[in-house]
Every structure is written in structure tokens, then in C-alpha cells.
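Geometric and topological summary
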Amino acid sequence: MARLAPDDPAAKRIDDALATWRQGDVALDAAWFVHVADGSAALTNEAAEAGGGVNMVQGTVEGSVVLTQTCDIVRSCVRRPFLEIAPVVEVEEADAHQIERGYRPNYAIIPALRGRRLVADLDRVMTVEKSIVATWTRTPGLTTDKEARDFAQALSRKRARFAFPDDFNVLVKKLQSRIEEKHDRHSDEGRALRALREIRVTGSPSWEEANGIELFFWFIRNEADATFEGKAWAGYLESWLKFVTPRDRFTKVEGVVVTLADMTAEEYVNSDPLDLDYLSTRAE
């Protein structure tokens, strides 16, 4: 798109078309996505078809979702001519559950498409001109303030995740495997895991200590679930912490099941979310 003047009728048409668009809105008719690929590496089917060298590869997706903040979407295309989008992809139901719980930060739930298991793939982001988006059909992806906050939080978490030390990632592998194994089971433990809002962890006095790090896990539950399936949360907590055995510089492991209201603001901001996708070492 050529640079438009503020009084250009084309700019007004674009701005008018995007006036109702919001962050998290979806264009199901934008079922393509472009990325730069090394054809010789053949990391994807699309790249393999592109041939050798560096290529611009267009692949097929289920649609596109807008990542740009709403305030920038509705600004004049003369001053802000670009938007960021991510592809919409289909996932398995088990993966959708984990994405909802924040355990898969490379994806974000789009509530309006949840029944179709369509989510935002945040590992792939593309910049497009507003003039292109203005031709798409808008499908509202988020319908409540809470959904909008949750989506924005998912975008933030993708970029702001804490880099846990490699030896901690190794230490919690058994807990990670347990959560992945049981999360979607039709069992008391599976339902208890699905009832958790998130899992956070603190390393004291700091993650940089050479020795003597004490770990504290916060299993944050919903306010209404004082007990679950007739079993006190302490029973689940005890079984989960058994999968994290102190060793080497990690000398102590404790935890608690709480609600957000039980935590102080300081405790929350000084802890970090346990994202399953991020519990891997450089060697892997």
C-alpha cells in the first residue's frame, strides 16, 4: 500500500472498515500464512515444496487472528499502517484443555472458536497492512472483558516467560509428566488438575544461588473448590510434591493449594508460572 495522506478517501475507507475490530478478532477467510523458510532444511512440508535456498512460503491455515492491541487497530492507517496476526490452527481436545490452563504458552485460546478446537498459534506471527485486513470478514473472537484480559495475558506470557535454570527443569520433569498424563483423565486427580487455575513456583533466596535453593509451589485453585471430589486438597498436594525430590542445590521442596485471595500481591509477582512447554533443557 502506498503511503496515504490523512485526507485521502482510501485511508478513511480502511479506517472505517477496521473501526469495530478488536484484539483477538478472527478472519476465517484469511486461511493462509506466509513465512520465510530455508528450503534446503525442509523443516515443514511447505518448505520442502519450496525448493532450495531461502523462500517465502505460503501455507494453509484455518484462519488468522489479530494480535495487535485494540487501540492501535483503530488508529489511523496513515499513522499505524500495520497489524500483527497469528494463524488459527486446530488442536486436539487434550491440548485445548492445557492451553486453557496456561500450560501451552505457544498457543492462546480464542473463546468464540473453542468448540471447534481452533486456537492462535503464537509461535508464528506475520505483519500485514491494514488495507488487507480491511477486506477480511470479521468474526469476534472475544465477547467479554474477562476473555479480553485472558487473551492479552496469554500474549504477554508468551513473551515474558521466566527462563528457569536447566537443573530445575530436570528436577520437575516427573511432575510435568504426571500432569500431562493425568490432566485429561476421567479420574479424581484429572478433574482436580483441571480445576487448578495455574501452578506457580518460587526459588528462595534466588534462582542464581549456587547452593541451598528452597522451592515453593503454589497450586492455585478456584475459589469455590474448597474440597474436590470429596477429597481434601492436601491429599492431592502431597501426591504431586512427591514427584519433586530435593537434590543437588535444591535442598527443600514445599507447596500449598491456595486461591488467588489467599496469596499476597508480593507472593504472586515474585513467583513464576510453571508452563509445560517451557520445561525443557538446552540439550533437548
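Residues numbered from 1 in each chain as written. Predicted model: local features only at pLDDT ≥ 70, side-chain atom pairs only at ≥ 80, totals over all residues. Heavy atoms only, no water.

**Overview of the overall build of the protein**
Quick reminder of the rule: Secondary structure counts use DSSP, requiring at least four H or I residues in a row for a helix and at least two E residues in a row for a strand, with both numbered from the N terminus. Residue exposure (1.4 Å probe, protein chains only): buried if accessible area is under 20% of the type maximum, exposed if over 50%, otherwise partly exposed. Here, residues are in contact when the closest pair of their heavy atoms is within 4.5 Å. With residues, only the protein chains shown are counted as cover, and all accessible areas are computed by Shrake-Rupley using a 1.4 Å probe.
Per the secondary structure count, the protein includes eleven helices and 14 strands. Here the protein holds 284 residues, and 43% of them are scored as buried. Within the protein, residue pairs in contact and separated by at least 24 positions form 71% of the contacts whose partners lie at least 6 positions apart. Surface exposure of the protein reaches about 14,800 Å², of which carbon and sulfur atoms provide 48%.

**Observations concerning the side chain of Thr 259**
Residue position: Thr 259 is located in the loop between strand 13 (250-258) and helix 11 (265-269). Classification of Thr 259 as buried rests on a relative accessible area of 2%. For Thr 259, the residues in contact, after removing those within four places along its chain, are Ile 220, Arg 221, Asn 222 and Glu 223.

**Examining the layout of surface pockets**
Note the threshold: Grid spacing is 1 Å over the protein atoms alone, the probe is 1.4 Å, and a cavity is where that probe fits but cannot get out, while a pocket is an open set with protein on both sides within 12 Å along at least five of seven lines and lining residues have an atom within 4 Å of a point. Grid points are joined across faces, edges and corners, and a volume is the space filled by probe spheres set on the points.
There is about 770 Å³ of room inside the largest pocket. Residue lining of the largest pocket: 31 residues in total, with Glu 100, Gly 102, Asp 150, Gln 153 and Arg 157 positioned closest to the centre. Those elements that place two or more of their residues in the lining of the largest pocket are helix 4 (93-100), strand 6 (107-109), helix 6 (145-160), strand 9 (196-204) and strand 14 (272-273). Per-element accounting of the lining of the largest pocket gives the leading share, nine residues, to helix 6.

**Considerations on helix 10 (residues 233-241)**
What counts, and what does not: By arc we mean the arc of the directions from the helix axis to the C-beta atoms, nothing more.
Those residues of helix 10 that fall on the buried side of the exposure criterion are Trp 233, Tyr 236, Leu 237, Trp 240 and Leu 241. Considered in projection along helix 10, the buried side chains sweep an arc of 125° and stay on one side of the axis.

**Here's the deal with the packing of aromatic side chains**
Selection rule: Pairing of aromatic side chains requires ring centres within 6.5 Å, counting the rings of Phe and Tyr and the six-membered ring of Trp. Pairs whose planes differ by under 30 degrees are stacked, by over 60 edge-to-face, and all others tilted. We call a charge positioned above a ring when the Lys NZ or Arg CZ atom is no farther than 6 Å from the ring centre and deviates by at most 35 degrees from the ring normal.
Enumeration over the complete set of coordinates arrives at twelve aromatic pairs. A network of ring pairs unites the aromatic residues Phe 164, Phe 168, Trp 207, Phe 217, Phe 219, Trp 233, Tyr 236, Trp 240 and Phe 250 as a single cluster. Here the guanidinium or amino end of Arg 124 rests over the ring plane of Phe 33, the centre of that ring lying 5.6 Å away. Positioned over the ring face of Tyr 268 is Arg 200, at 3.9 Å from the centre of the ring.

**Describing the confidence of the model for the protein**
Predicted coordinates in areas of low pLDDT are best not read in detail. What counts, and what does not: Every residue is assigned a pLDDT by the predictor, reflecting its confidence on a scale from 0 to 100.
Averaged over every residue, the pLDDT of the protein is 86; residues scoring 70 or more account for 87%. Considering only residues more than four positions removed or in separate chains, one finds that residues 278-284, a stretch of pLDDT under 50, has 20 contacts.

**Focus on the nonpolar core**
Where we set the bar: Each nonpolar core is a collection of buried residues, namely Ala, Val, Leu, Ile, Met, Phe, Trp, Tyr and Cys, held together in the definition by side-chain atoms within 4.5 Å.
Grouped together as the largest cluster of nonpolar side chains are 28 residues, with contacts concentrated most on Phe 168, Leu 215, Phe 217, Phe 219 and Trp 240. Of the residues forming this core, the biggest block, five residues, is contributed by helix 10.

**Quick word on helix 8 (residues 173-182)**
For helix 8, the complete set of buried residues consists of Leu 175, Gln 176, Ile 179 and Lys 182. Angularly, the buried residues of helix 8 cover 150° about the axis, an arc narrow enough to put them on a single face. Residues of helix 8 that are buried sit in contact with helix 4, helix 9 (188-194), strand 9, strand 10 (213-221) and helix 10.

**Examining the pattern of salt bridges**
The following threshold applies: We count a salt bridge whenever a side-chain nitrogen from Lys or Arg sits within 4 Å of a carboxyl oxygen from Asp or Glu.
Using the criterion set out here, one finds 19 salt bridges in the structure. In this structure, Lys 12 and Asp 16 form a salt bridge, with 2.8 Å as the shortest nitrogen-oxygen distance. Taken together, the positions of Lys 12 and Asp 16, both in helix 1 (residues 9-17) and four residues apart, correspond to about one turn of that helix. Residue class for Lys 12 comes out exposed when judged on its relative accessible area of 53%. Using a relative accessible area of 48% as the deciding quantity, one classes Asp 16 as partly exposed. Linking Lys 182 and Glu 181 is a salt bridge whose minimum nitrogen-to-oxygen distance equals 3.9 Å. Judged by relative accessible area, Glu 181 falls into the partly exposed class, the value being 41%.

**A short note on the side chain of Ser 271**
Note the following rule: We call two N or O atoms a polar contact when they sit within 3.5 Å, provided that within protein one can donate a hydrogen and the other can accept it, with sequence-adjacent residues counted only if both atoms are side-chain atoms.
Topologically, Ser 271 is positioned in the loop between helix 11 and strand 14. Separated by 3.1 Å, the side chain of Ser 271 and the backbone oxygen of Glu 267 make a polar contact.

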